[in-house]
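Chain by chain, the residues run as shown.
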Amino acid sequence: AYGLAWACVAMSVALFHEAYLALRRRSPNVELMMAIAVVGALVQGNVVEAASVGALVTLMDLVKVCALEAVGRRLRGSVVSEPLGVEVPGGGKVPLASLAAGDVYLLRVGDVVPADGRVVAGTAALDESRVSGEAMPQAKRKGDSVLSGAIVSAGYLHVRAEAPVSGSFQARVASAVEEAKTTLSEMEELVGRFATWYTPTVLGLAVALGLYKGFQQFLVVVVAGCPCALLGAAPFVQGATLTLLAGRHRLLVKHARTLEALAVMQAIGLDKTGTLTTGHFELLRLEPLPGAAHTRQVLHRWVAAVEDQDNHPLARSLVASYKGCVADFVASGESLPATSGYQRHGRDGVSATVEGRRVGVGNLAFLEAALRSSQADDDDDDDDDDESEMPPRLRAALRRRREQEKAAAAAGKGEHAGE
């Protein structure tokens, strides 16, 4: 028992270190009182009593350190690991340490953005879910900015670094991890302010009674005056809560004050779309236009066949919506039709030939470009007739785009006439 007690006392080195710093700062604190209690108990030969105080302090510190380490691991895991090197124009790779602001580097599918920068060439879709929390892949083209830690899902980019690796987003995350370890909650700060006057008062009272009643009475007052419960409650609850939020709910709290703010918070404001997402895409509904020449099943199969050639997250979700369970799909003997002439149209869409039909899948800009190409010789009246069966929002978007193009063409003619 005595061996275990001495071991607990030896593990209280952090307590004595804090007490030493308090003496050097001439700012008595609770740690100083507890250190005096441990030393006094040892002087009187009460090793078990000294060990109980030391074990309590060590346990509180251990809980807080483990909690902060758990939060640190979650913070470091919020972005992917940095690559060892980065590809540059002309071939070859350079170490990340030598990448400086103004240097141009290349990114391909699967690459991690090593340093914050701006796109100078190429188009790509970037997965920024582990950087900004945005589940939807972000399209990037010339002039757009990129953050370190994002992953290239499709396409390629030439990026000019605007900051070295040490000054990019992932470096700021590492800094946040270190700052999280040193933050104090409002309750802990209150305990610290309380100790600035409480500790000298108790020590003065203990010294006075010790001079009158003896050294034993001095130690009794010091031990009784140690606010162990007050000192240990805040770090223990804070550490347990940080670990629970990070481990079970994957919620990162980078400052201890935030925990206390959560207790009084009554409303949460969400930016972007006002929703929280899981980052997994799913096709909810497929609606053919009125009068479509093909059934929903045929269109779905063609879309899946075209998107099966792409690695975009949305493409994968469209393929999965048709196949369902892969094992069941394979067991059924069914397969996607063969495609030919696959083509990517920038960041707007893709197209390929399926079963003798040219099939395109893309966004509104892709559809507008396809309609302009197929109806280039039609006049506005014919266009209005063709659009009569389209959904109202699509029809309105097409008309707005045509009006903008006409206005731009008229402005260009006016400039040439002025010259």
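Keep in mind it's a predicted model, so treat the numbers as computed, not measured.

How do you make sense of the overall build of the protein chain when you look at a structure like this?
Scanning the protein chain for helices and strands turns up 15 helices and 10 strands. In the protein chain, which comprises 419 residues, the share counted as buried stands at 35%. Long-range pairs, those at least 24 residues apart, make up 62% of the contacts in the protein chain with a sequence separation of at least 6. Accessible area for the protein chain stands at about 24,300 Å²; split by element, carbon and sulfur atoms hold 58% of it.

What should I look at first to understand the pairing of strand β7 (residues 151-161) in this one?
Consecutive side chains of a regular strand alternate in pointing toward one face of the sheet and then the other. In terms of strand pairing, strand β3 (residues 104-107) meets β7 through four bridges, oriented antiparallel. Within the sheet, the bridge partner assigned to L106 lies in β7 and is H158. As judged from the 10 bridges shared by strand β4 (residues 117-127) and β7, these two strands associate in the antiparallel manner. By the bridge assignment for β7, V119 is matched with V159.

Teacher, can you tell me more about the side chain of H300 here?
Residue position: H300 is located in helix α10 (residues 296-307). Its relative accessible area of 13% is what places H300 among the buried residues. Non-local contacts of H300, meaning those with residues more than four positions away in its chain, are made with L283, L286, L318, S321 and Y322.

Explanation requested: the nonpolar core in the structure shown.
The tendency in soluble globular proteins is for nonpolar side chains to be buried side by side. Counting 28 residues, the largest nonpolar core has L15, M33, M34, V38 and V222 as its most contacted members. Residue assignment for this core shows that the elements contributing at least two residues are α1 (2-10), α2 (13-24), α3 (30-43), α4 (47-77), α6 (186-213) and α7 (215-225). If one sorts the elements of this core by residue count, α3 sits on top with eight residues. Counting residues in each nonpolar core, the second largest holds 17 residues, with L96, L99, Y105 and V119 among its members.

Help me out: how do you make sense of a nonpolar patch on the surface in this one?
A surface patch of nonpolar side chains, about 270 Å² in accessible area, is lined by V39, V43 and F215. Mapped onto the secondary structure, V43 falls in helix α3. We classify V43 as exposed; its relative accessible area is 60%.

Explain the confidence of the model for the protein chain to me, please; I cannot follow it from the model alone.
The predicted coordinates should not be examined in detail at positions where pLDDT is low. Per-residue pLDDT for the protein chain has a mean of 75; in total, 72% of the residues score no lower than 70. The secondary structure element of the protein chain with the lowest average pLDDT is helix α14 (residues 380-386), at 47, and the one with the highest is α10, at 91. A low-confidence stretch, residues 379-389 stays under pLDDT 50, and its non-local contacts, those more than four residues away or across chains, total 13 contacts. Every residue in residues 415-419 scores below 50 in pLDDT, and together they form zero contacts with partners more than four places removed in sequence or on other chains.

It is not clear to me how unusual backbone geometry should be interpreted in this structure. Could you clarify?
Phi is mostly negative for residues that are not glycine, and the peptide bonds are mostly trans. At E355, a residue that is not glycine, the phi angle is positive and equals roughly 50 degrees. For E355, the location among the structural elements is in the loop between β9 (349-354) and β10 (357-362). Residue classification places E355 among the partly exposed positions, given a relative accessible area of 48%.

Looking at this structure, I do not really get the packing of aromatic side chains. What am I missing?
Centre-to-centre distance and the angle between the planes together describe a pair of aromatic rings. Across all of its chains, the model carries one aromatic pair by this definition. On the basis of an interplanar angle of 70 degrees and a centroid distance of 6.2 Å, the ring pair of Y322 and F329 is categorised as edge-to-face. Accessibility classification places Y322 together with F329 in one group, the buried group.

Is there a simple way to explain the pattern of salt bridges in this structure?
If the charged atoms of two oppositely charged side chains come close together, the side chains can form a pair. A complete count under the given rule lists seven salt bridges for this structure. Residue K140 is joined to E128 by a salt bridge in which the shortest nitrogen-to-oxygen separation is 3.5 Å. On the criterion of sequence distance, the pair formed by K140 in strand β5 (residues 138-140) and E128 in the loop between β4 and β5 is long-range, its members being 12 residues apart. What makes K140 buried here is its relative accessible area of 12%. As a salt-bridge pair, E355 and R301 come within 3.3 Å of each other at their nearest N and O atoms. Taken as a pair, E355 in the loop between β9 and β10 and R301 in helix α10 lie far apart in primary sequence, 54 residues in all. When salt bridges that share partners are traced, they join R285, E287 and R296 into one network.

Looking at this structure, how should I read the environment of C8?
Its place among the elements puts C8 in helix α1. Each C-alpha atom of the pair C8 and G54 lies 6.1 Å from the other, and the pair is 46 residues apart in sequence. Those residues in contact with C8 that lie beyond four places of it in its chain are A51, G54 and A55.

What counts as what
- Residues numbered from 1 in each chain as written.
- Predicted model: local features only at pLDDT ≥ 70, side-chain atom pairs only at ≥ 80, totals over all residues.
- Heavy atoms only, no water.
- Helix = DSSP H or I, 4+ residues; strand = E, 2+ residues; numbered from the N terminus.
- Buried < 20%, exposed > 50% of the residue type's maximum accessible area, 1.4 Å probe, protein only.
- Contact = heavy atoms within 4.5 Å.
- Areas by Shrake-Rupley, 256 points an atom, 1.4 Å probe, with all protein chains shown as cover.
- Pairing = 2+ DSSP bridges.
- Core = buried A, V, L, I, M, F, W, Y, C linked by side-chain atoms within 4.5 Å.
- Patch = residues over 30% accessible without salt bridge, like charges linked within 9 Å, V, L, I, M, F, W, Y side chains within 5 Å.
- Salt bridge = Lys/Arg side-chain N within 4 Å of Asp/Glu carboxyl O.
- pLDDT = per-residue confidence, 0-100.
- Phe/Tyr/Trp six-rings, centres within 6.5 Å; stacked < 30°, edge-to-face > 60°.

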